[in-house]
Every structure is written in structure tokens, then in C-alpha cells.
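What the coordinates show
This is what each chain is made of:
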Amino acid sequence: MGAVGVSRGLQAGTGSLKKLLSLQNLHFSSQAQVECMAPLFQTVSETPKPVQAKVFGTIPEWINGSLLRNGPGQFEFGEDKYNHWFDGMALMHQFKIKNGAVTYMSKFLESDSYKLNKSQNRIVASEFGTLAVPDPCKTLYDRFMSKFKIDSTDNCNVNYVLYKGDYYVSTETNFMRKVDPEALDTLEKVDWSKFIAVNGATAHPHYDPDGTSYNMGNSYGKQGTRYNIIKVPSQKSASEETLEGAQVICSIEPQEKMKPSYYHSFGMTENYVVFIELPLKLNLMKIITSKIRGKSFSSSLSWEPDFQTIFHVVNKHTGEPHSVLFYTKPFMSFHQINAYEDQGCIVIDLCGQDGGEDLDALSLQNLRKSEHTLDKVWCTHENLQDHSREEYGLEFPQINYKYNARKYRYFYGCGFPYLVAQSLVKMDVQIKKPKVWKEKGFYPSEPIFVPYPNSVEEDKGVILSAVLTPHQDKNIFLLVLDAKDFVEIGRAEVPVKMPYGFHGIFVPQKS
Ligand SMILES: [Fe+2]
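Reading the values: rules and limits
- Residues numbered from 1 in each chain as written.
- Predicted model: local features only at pLDDT ≥ 70, side-chain atom pairs only at ≥ 80, totals over all residues.
- Heavy atoms only, no water.
- Helix = DSSP H or I, 4+ residues; strand = E, 2+ residues; numbered from the N terminus.
- Buried < 20%, exposed > 50% of the residue type's maximum accessible area, 1.4 Å probe, protein only.
- Contact = heavy atoms within 4.5 Å.
- Areas by Shrake-Rupley, 256 points an atom, 1.4 Å probe, with all protein chains shown as cover.
- Pairing = 2+ DSSP bridges.
- Axes fitted to C-alpha atoms, helices over the stretch in contact; angles between N-to-C directions.
- Donors = N, O, S within 2.8 Å, 3.2 Å for Na, K, Ca; no water.
- Tetrahedral: all angles 85-135°; square planar, octahedral: opposite > 155°, others 65-115°.
- UniProt positions renumbered as here; feature names shortened; annotations may be inferred.
- Polar contact = N/O pair within 3.5 Å; in protein donor to acceptor, adjacent residues only side chain to side chain.
- Phe/Tyr/Trp six-rings, centres within 6.5 Å; stacked < 30°, edge-to-face > 60°.
- Lys NZ or Arg CZ within 6 Å of the ring centre and 35° of its normal.
- pLDDT = per-residue confidence, 0-100.
- Arc of directions from axis to C-beta.

So, about the overall build of the protein. Helix and strand counts for the protein come out as 7 helices and 36 strands. In the protein, which comprises 511 residues, the proportion classed as buried is 57%. Contacts in the protein between residues at least 24 apart in sequence constitute 63% of all its contacts with a sequence separation of at least 6. Accessible surface for the protein amounts to roughly 21,500 Å². Of this, 52% is attributable to carbon and sulfur atoms.

Structure, rendered in C-alpha cells:
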């Protein structure tokens, strides 16, 4: 394999990501915009019984299944308020499409965190950006000892993931909750660490065509901190439950043991897992002492561009790391779009942003592991999008998943000129020209591609997106776009409030 070509998407803005996404900032940001966004980040009621949506245009009859979305839906209990967008209690949404009609329902995830907070009407369980206050009823000794216990939440508000044919909701801790995608019921709590030596896993696994799942998670065991590549078989035997059969196929040592990188996703080609070790660092000492210092988990993250960005390439069949160390200048990325092998190279497309500083020279001086005997290759990138364009800041990328890990042509995403997406974008990575959908006063969420049955063309199908509005007199709607020309075919309006969320999935109806 030769050099890795890195295609990078748009810059999503500069500054501290964790601060940008704080609820205070999301509410405050509305003052700088034409309209107030605050209603998109406020608590809503669940809609546990399906309500009929009002259809405009046409919802194609071949679409038979549900768009599920996940995201925060409750931001306070009693007098206690969460600090961060990521902290809100998971609310599961379902747009069910059948015979050209659409129903909507939503249910809060009945996580242990949610149930405990609800029963005590205060925030009892710590989340990413909020440290729970100790129970005043506990003894002084209990309160002191609880400061040394690192909490882990099962408030799985990020995504839906699939393992062995079962649906789960996921965040990034060691816990997932199995869910029933039909009734949106919360099922068992599953702990990754009971099956393999990891302390968590991302909410963005990859899947082989046969259903084998790959993910990544950190471990903090006796041998020190490691980044682990996880493989979960596609099938379960009759006696097996949940994650049995999962295995760690490769463990990677961080550049610095007490400062592993934060990562939200990773890339996968036909034969390789591509893990990007970013300069966004998790300070383990700060995590261990966070409770004593009265700080939340988010305070343990820091942007440290003195570290290189390193691409670790691992053979996903053998678990062997590639003998070449690929690296590039510091940048930040949450979501990878796609990765594939092409003429002896790996191409990885991602949504990224610079750290705001040009640290190439400094990075070279500070290249860690300088004693390492691996060959090193400096990687370059190309921008997939013109930065001057209105839809500048592409995020929540999605593709026709049949083209995952393969050479592909189209991805879809949300255009973020500011903190809330204002457009949907279809990007042609060959000619680098976008098609855009937008409507004033409406804010679309992650576009999900649903292929036309048995189609072979990459963009033959529809895009589904839940389109939200902060206006009290307007309805949210499920938008259906023709994926080819990116023009609206139909929409299904529902008179409910829906906060801005994270990710979703299309679940085909079983015939
Ligand atoms: Fe994500």
C-alpha cells in the first residue's frame, strides 16, 4: 500500500467544540441569529401512542419501515438543569411509513439514569457535561467515598446500532440498551466490559455485508490504556445472548498513556480498519479526580495540537497493524464519511476542522514515538467542498451503506453555517458539486438514504430527514427527497415538538 490520500470535508467552525455545544451557548446563540433556536434545545413531552401525520405531496408506497431518531429530550429534573446538549435524556422517535401514510411516536429511553433522576426529581446520575451533586441524605462517609467512583451512564442518546440482528441504542460508555424498534420499548442493559476487556465503544460501528460488526473502544486495564478494535459476529446461536462471541482483534497503544485521544468514529475499508488518533485528548488523571475537583467528564477533554494526528491502519482479517505510520497535521473530526481502497491507496473522507492554528512545523518537532522504527508517511488532504459556499460546515454524513468501504460517489449531510443545520446537502465527490435543499425557518436533521428495492444505482432511492422548527405555530415534518435530483417528493407533518437530536436509522418492515 502506498500513501494514504485524505479527503477532508468542510470546516465546521473554530473554537472549543465542547464549549460551542454547551446548552448555555446553544440558547445564547439564538441572539446572534435571525430566529430564536432555544425551543430546539428544550424539554418536550413524549408521544407514546402513534399519531397520524398529514401528508403533502407523495410518500412513495415502496417505502415500508421506520425512520428512528435518537437525541436528547429532557434537560432538567426538578431544580437541576443539565449543562450540555449531550447530557439530555434519550428520547427515541419513530416515523413509521406504510402504504404512503406516516405515523409518529416517541418514548423516553427507560435507562437507569432516567428512572433514578425521575424518581428523585433531581439529577442523580452524572452525564458528559454535568456532574451530579451527591445525595444530601447519604452519610458523610458515603459521600466522600462516592467521589472516587467513576460514574458511567446508560443514557444512550446518540445512535441506534445493530449487533447480531438486534437493535440497541448507544452512547460511548460501556453500557448500551437493547430496544424494540417497533414499540420503542427499552429492553435489557448490556455492559461491553462483561464480554471483552473494554470500557466503552463508539456509537458508530461499521458492518460487513454479512452483518459482522466492527467497533472501537478504550480499555484502562493492567497493561495500561489501549485503543481496541472490536469484532462482533453476525449471527447468534440459540443459547447466545447480546454480545457473546465479541472479540478484541487489535489493541493499539496511545502516543501518551495517560492522555489517549477522544474519537467518535473510525473508518473501515474492505480489508482495513482506519483509526485516527486525534489531538483531542482525554486526560485520565483529570477523569480520575473529576469528582474531587467538582468537574464533569467534559472538563477532562483538551485540544493539544502538539500531538500529531496519526492514522493507524489495521488489517481487519488478521488484526495486524500496518508497518507504516501515517500522520498529518492536527485536525479534529467527529464523523468519517466513507473509506475505501483504490489503486494501492486508502482514501478516507471525513468531516473535519482545523484546530485554528497552523502547527505543521511544531508538529514535526513534537512527533511522538520518535524512537519508533516504523516507516512514516506524511498524508495530505483535499477539500471536498468550497468553503465559501452557503452550506459551509457539513456534518452528520450519510451514504448509501451498500457503498460503505467501497469506492463511491455520493454522500449526504447537513449544512451547518452555524450551530443548527439549515440545509441538506448531496455531495458528488467526483465533481465536488453539491445539491442543496433548504426552507426558511426549518432545520433538517441527519439525512438517511433508503434505497429503492433491488436498485443497483448508488443514488436511486430517497432521503428521509426529520425537519424541525423553533416556531410554535409551525409543525415539524418528515421530509422525503428524491435522492437523485434532491427534490422534495413529499412531507408528513406532525403537530409535536421535537428537540434537535443526533443520529437515526431506517429499519425496514419485516415482511
Ligand atoms: Fe455521531
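Quick look at the sheet that holds strand 12 (residues 185–191) now. What the 4 strands build is an open sheet, ordered 9-10-11-12; its pairing is antiparallel. Edge positions in the open sheet fall to strand 9 (159–163) and strand 12, since each of these has one partner strand only. If you compare each strand with its neighbour and ignore which way they point, the axes differ by 40 degrees on average.

So, about the coordination of the iron ion. Distances from the iron ion to its protein donors, namely His204 (NE2), His264 (NE2), His335 (NE2) and His503 (NE2), fall within the range 2.0 to 2.1 Å. Of note is the iron ion, whose 4 donor atoms meet at the metal with angles of 94 to 155 degrees in an arrangement that counts as irregular. Along the chain, the residues that donate to the iron ion are spaced as H-x59-H-x70-H-x167-H. Taken together, the residues histidine 264 in the loop between strand 16 (247–252) and strand 17 (267–268) and histidine 503 in the loop between strand 35 (487–494) and strand 36 (504–508) connect sequence positions 239 residues apart. Look at histidine 264 and you get buried, because its relative accessible area is 9%. Under the relative-accessibility criterion, histidine 503 is labelled buried at 2%.

So, on to the UniProt feature "binding site: Fe cation" (unreviewed entry) in the protein. According to UniProt, the positions carrying the feature "binding site: Fe cation" (unreviewed entry) are His204, His264, His335 and His503. Spanning 300 residues, the named residues nonetheless gather at one spot, since no C-alpha pair among them exceeds 12.6 Å. Of note, histidine 204 is situated in the loop between strand 12 and strand 13 (206–207). Contacts of histidine 204, omitting those with residues within four sequence positions, involve Asn159, Asn215, His264, Ser265, Phe266, His335 and His503. Aside from chain neighbours lying at most four places away, what touches histidine 264 is Val158, Glu172, Thr202, His204, Phe334, His335 and His503. There is a polar contact of 3.1 Å between the side chain of histidine 264 and the side chain of tyrosine 262.

Let's shift gears to the packing of aromatic side chains. Inspection of the entire model under this criterion finds 26 aromatic pairs. Taking the centre distance of 5.1 Å and the plane angle of 50 degrees together, the rings of phenylalanine 95 and tyrosine 104 count as tilted. Pair check on accessibility: phenylalanine 95 and tyrosine 104 agree, each one buried. Among the aromatic side chains, those forming a connected cluster through ring pairs are Phe41, Trp85, Phe86, Tyr500 and Phe502. Stacked on the ring of phenylalanine 307, the Lys or Arg lysine 281 has its end atom at 4.2 Å from the ring centre.

Another point: the side chain of asparagine 400. Secondary-structure assignment places asparagine 400 in the loop between strand 27 (394–398) and strand 28 (410–415). On the accessibility criterion, asparagine 400 (4% relative accessible area) is buried. Only 2.9 Å separates the side chain of asparagine 400 from the backbone oxygen of glutamate 458, close enough to count as a polar contact. Not counting residues within four places of it along the chain, the set of residues in contact with asparagine 400 comprises Tyr412, Phe449, Glu457 and Glu458.

Moving on: the sheet that holds strand 2 (residues 47–52). Taking strand neighbours across the sheet as the criterion, the 5 strands line up as 2-8-7-4-36 in an open arrangement whose pairing is antiparallel. At either margin of the open sheet sits one strand with a lone partner, and together these are strand 2 and strand 36. On average, each strand axis in the sheet is tilted by 20 degrees relative to the strand beside it, whichever way the strands run.

Summary statistics for the protein give a mean pLDDT of 85 and a share of 83% for residues scoring 70 or more. Predicted confidence for residues 1–21 stays below pLDDT 50, and this span has 83 contacts to residues more than four positions away or in other chains. For residues 143–149, every residue scores under 50 in pLDDT, and the model assigns this stretch 10 contacts once sequence neighbours within four places are set aside.

Right, let's talk about helix 3 (residues 112–120) for a bit. The complete set of buried residues in helix 3 reads Ser113, Tyr114 and Asn117. Axial view of helix 3: buried residues confined to an arc of 95 degrees, hence all on one face. Tucked inside the fold, the buried residues of helix 3 contact strand 4 (65–74), strand 5 (76–77), strand 7 (89–98) and strand 8 (101–108). A positive backbone phi angle near 50 degrees is found at asparagine 121, which sits one or two residues after helix 3.

Attention shifts here to the pairing of strand 23 (residues 331–342). Of all 12 residues in strand 23, 10 are buried; the element is thus mostly enclosed. Direction of pairing for strand 23 relative to strand 24 (residues 345–354): antiparallel, over a ladder of 9 bridges. Among the inter-strand pairings, serine 333 is bridged to a residue of strand 24, identified as glycine 352. Taking the residues that link successive antiparallel strands as the turn, the strand 23-strand 24 hairpin has 2 residues, and the phi of glutamine 343 there is positive, at about 50 degrees.

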